[in-house]
Amino acid sequence: MTQVTLSQRYQIVIPLEIRTALRLKPGQKFEAILVGKTISLVPVKPMRECRGSLKGIDTTVDREADGL
């Protein structure tokens, strides 16, 4: 586990090992999620990178009959 320090401007530096492992780039956007007393930073991917990621997913859904 690597410790980071919160600056006086409320900024942190993500350690090199983590940046490299997650292939983070300068200017990358994150969702900051509060879970109890823990902060999770989740990288936001541009929609273009998500294209095709659901290829082959089963989209059939059992539906109830319309009760008209």
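Read on for a plain summary of the structure.

Criteria and cut-off values
- Residues numbered from 1 in each chain as written.
- Predicted model: local features only at pLDDT ≥ 70, side-chain atom pairs only at ≥ 80, totals over all residues.
- Heavy atoms only, no water.
- Helix = DSSP H or I, 4+ residues; strand = E, 2+ residues; numbered from the N terminus.
- Rg over C-alpha atoms; globule rule 2.2 N^0.38 Å.
- Buried < 20%, exposed > 50% of the residue type's maximum accessible area, 1.4 Å probe, protein only.
- Contact = heavy atoms within 4.5 Å.
- Patch = residues over 30% accessible without salt bridge, like charges linked within 9 Å, V, L, I, M, F, W, Y side chains within 5 Å.
- Areas by Shrake-Rupley, 256 points an atom, 1.4 Å probe, with all protein chains shown as cover.
- Salt bridge = Lys/Arg side-chain N within 4 Å of Asp/Glu carboxyl O.
- Pairing = 2+ DSSP bridges.

Let's talk about the overall build of the protein chain
Across its full length, the protein chain holds 2 helices and 2 strands. In the protein chain, the succession of α and β elements from N to C terminus is α-β-β-α. Over its C-alpha trace the protein chain gives a radius of gyration of 20 Å, far above what one expects of a compact globule, namely 11 Å for 68 residues. For the protein chain, the spread of C-alpha atoms along the principal axes amounts to about 65 × 30 × 20 Å. Relative to its full complement of 68 residues, the protein chain shows a buried share of 3%. Long-range contacts, defined here as pairs at least 24 residues apart, represent 3% of the contacts in the protein chain between residues at least 6 apart.

Structural notes on a nonpolar patch on the surface
A contiguous nonpolar surface patch, about 780 Å² in accessible area, is contributed by Val4, Leu6, Tyr10, Ile12, Leu34, Ile39 and Leu41. Here Val4 is to be found in the segment before helix H1 (16-21).

Considering the pairing of strand E2 (residues 38-43)
One ladder, built from 6 bridges, connects strand E1 (residues 30-35) with E2; its direction is antiparallel. Along E2, the bridge assignment pairs Glu31 with Val42. Counting the residues between successive antiparallel strands, the hairpin from E1 to E2 contains 2 residues, one of them, Gly36, with a positive phi of roughly 65 degrees.

Observations regarding unusual backbone geometry
The phi dihedral of Tyr10 is positive, around 60 degrees, even though this residue is not glycine. Inspection of the secondary structure assignment puts Tyr10 in the segment before H1.

Brief notes about the environment of Glu49
Tracing the sequence through the fold places Glu49 in helix H2 (residues 47-50). Considering only alpha carbons, one finds Glu49 and Leu34, 15 residues apart in sequence, at a separation of 26 Å.

So, the environment of Ile39
Relative to the assigned elements, Ile39 resides in strand E2. Put simply, Ile39 and Asp66 are 27 residues apart on the chain and 44 Å apart in space, counted from C-alpha to C-alpha.

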